[in-house]
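Examining the three-dimensional arrangement
Chain by chain, the residues:
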Amino acid sequence: MSSRKIIIVEGSPRPSGNSTLLARAVASGARSAGAEVETLQLHKMDIRPCNACDACQESLEKDCIIDDAMKDVYSRLRAADAILYASPIYWFTVSGQMKLFMDRCYALTFLGTLPGIDGSETVEVLHTDLGGKKFGVVLSYGDIDPYVSGAVNAIRTFQDMARFVGSEMTGLVYGSAVAPGEVAENNALMSQAYDLGKALAADAR
Ligand SMILES: Cc1cc2nc3c(=O)[nH]c(=O)nc-3n(C[C@H](O)[C@H](O)[C@H](O)COP(=O)(O)O)c2cc1C
């Protein structure tokens with residue numbers, strides 16, 4: 001059996017930020033369970049916002065027409081068994097880098113109508129290339145409370161996304177840390193992240 005592929009999507013601009021360290025712990029856990037891990041550092045990538053042209057919704061086969069780093073990322077996401085989203089909380093939700101990426105994943109879904117088998121009727125379709133993949137989430141935030149910090153908003157967004165695209169939420173790891181790298185002192189959280197990596201590797205489709 002080929003090893004499971006996990007894509008880690010890092011949404012922090014800090015190279016050794018808290019969510020990034022948690023993501024690295026996830027990666028270690030996943031590799032220890034035999035998975036192949038690839039990391040996308042969104043802040044270093046040329047990813048433009050969705051322009052709502054809806055070209056990707058013209059047919060099941062149509063991809064996003066924006067010519068940037070996402071062009072290459074779509075096929076890697078399609079090939080992945082599991083996706084780990086790692087983000088700091090900025091202004092009570094995910095970072096801007098992460099939100100741009102998530103919006104552009106619209107191109108991996110097709111919401112529309114197709115001719116029926118006999119060509120006479122149309123049927124409503126929701127197709128998504130993210131369906132069946134396992135999702136994991138790690139978040140870091142400055143406030144000590146997940147509600148006050150806004151982490152719950154981000155959690156809700158990821159849960160809704162997973163439900164909408166038919167993915168299974170394997171686990172969420174979130175906690176408070178302010179200065180870059182501070183989270184490394186939180187052994188319990190780092191170990192939860194490591195275990196999430198193992199679960200994503202074991203659990204991947
Ligand atoms: C622009 C900006 C906005 C932030 N907004 C919030 C916030 O709304 N709630 C919160 O608890 N912390 C907030 N923080 C603190 C970060 O979430 C916290 O430092 C986090 O650990 C950063 O993660 P990172 O090191 O992975 O980038 C903010 C930090 C920045 C730079």
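What you see is a predicted model; the values in this text were computed from it and never measured. (Residues numbered from 1 in each chain as written. Predicted model: local features only at pLDDT ≥ 70, side-chain atom pairs only at ≥ 80, totals over all residues.)

**Topic: the overall build of the protein chain**
A tally of helices and strands in the protein chain yields six helices and eight strands. Moving toward the C terminus, one meets the helices and strands of the protein chain in the order β-α-β-α-β-β-α-β-β-β-α-α-β-α. For 205 residues, the compact-globule estimate of 2.2 N^0.38 gives 17 Å, and the C-alpha radius of gyration of the protein chain, at 18 Å, lies within 12% of that figure. Each of the three principal axes of the protein chain carries a C-alpha extent, and together these read 65 × 40 × 30 Å. Across the protein chain, the fraction of contacts at a sequence separation of at least 24, relative to all contacts at a separation of at least 6, is 74%. (Helix = DSSP H or I, 4+ residues; strand = E, 2+ residues; numbered from the N terminus. Rg over C-alpha atoms; globule rule 2.2 N^0.38 Å. Contact = placed C-beta atoms within 7 Å.)

**Quick notes on the site of the ligand**
Close contacts around the ligand come from 20 residues, with Gly17, Ser19, Pro88, Gly142 and Ser149 the closest. Within the residue set of the shell around the ligand, elements represented by two or more residues are α1 (18-32), β3 (82-90) and β7 (134-141). Grouping the amino acids of the shell around the ligand by side-chain chemistry returns nine nonpolar, nine polar and two charged. (Near = placed C-beta within 6 Å. Nonpolar A, V, L, I, M, F, W, Y, C, P; charged D, E, K, R; others polar.)

**Some words on the nonpolar core**
In terms of nonpolar packing, the biggest core is built from 52 residues, with Ile6, Ile8, Leu22, Val26, Leu84 and Val138 touching the most fellow members. If near-sequence neighbours (up to four positions away) are discounted, valine 138 is found in contact with Ser19, Leu22, Ala23, Val26, Leu84, Ala86, Val173, Tyr174 and Ala193. (Core = buried A, V, L, I, M, F, W, Y, C linked by C-beta atoms within 7 Å. Buried ≥ 20, exposed ≤ 12 C-beta atoms within 10 Å, placed from the backbone.)

**Digging into the environment of methionine 70**
Relative to the helices and strands, methionine 70 is located in helix α2 (residues 70-79). In this structure, the C-alpha to C-alpha distance between methionine 70 and phenylalanine 101, residues 31 residues apart in sequence, is 8.2 Å. Among residues more than four places away in sequence, those in contact with methionine 70 are Ile47, Cys64 and Arg104.

**A word on the environment of histidine 127**
Following the sequence through the fold, histidine 127 ends up in strand β6 (residues 122-128). Taking the C-beta count within 10 Å as the criterion, histidine 127 has 14 such neighbours and is therefore assigned partly exposed.

**What to know about the environment of methionine 161**
Position of methionine 161 relative to the elements: it lies in helix α5 (residues 151-165). Classification of methionine 161 by C-beta neighbours within 10 Å gives partly exposed; the count is 17. Separated by 31 residues in the primary sequence, methionine 161 and leucine 130 have C-alpha atoms spaced 9.9 Å apart.

**Notes on unusual backbone geometry**
The residue tryptophan 91 is not glycine, and still its phi comes out positive at about 50°. Here tryptophan 91 shows up in the loop between β3 and β4 (93-94). For tryptophan 91, a count of 9 C-beta atoms within 10 Å translates into the label exposed. One non-glycine residue, phenylalanine 92, lies in the positive phi region at around 70°.

**Concerning α2**
Along α2, the residues that are buried comprise Met70, Val73 and Leu77. Down the axis, α2 shows its buried residues gathered within 50° of arc, on one side only. In α2, those exposed residues whose orientation departs by more than 90 degrees from the buried face are Asp72, Ser75, Arg76, Arg78 and Ala79. Structurally, α2 contributes buried residues whose contacts are with β1 (5-10), β2 (36-41), β3 and α3 (96-104). (Arc of directions from axis to C-beta.)

**What to know about the pairing of β3**
Among the nine residues in β3, eight count as buried, and that is most of the element. The pairing of β1 with β3 spans five bridges and is classified as parallel. Its bridge partner lying in β3, isoleucine 7 is registered against isoleucine 83. Strand direction decides the pairing type here: β3 and β4, joined by two bridges, are antiparallel. Residue pairing in the sheet places tyrosine 90 in a bridge with threonine 93 of β4. (Pairing = 2+ DSSP bridges.)

**Points about the pairing of β7**
Among the eight residues in β7, eight count as buried, and that is most of the element. Residues Lys134, Gly136, Val138 and Ser140 line one face of β7 and the alternating positions Phe135, Val137, Leu139 and Tyr141 line the opposite face, and both faces are buried. Alignment of β3 against β7, held across seven bridges, turns out to be parallel. Note that in β7 the partner of alanine 82 across the bridge is lysine 134. Relative to strand β8 (residues 168-176), β7 runs parallel, the two being bridged by eight bridges.

Nothing here speaks to function; it is geometry throughout.
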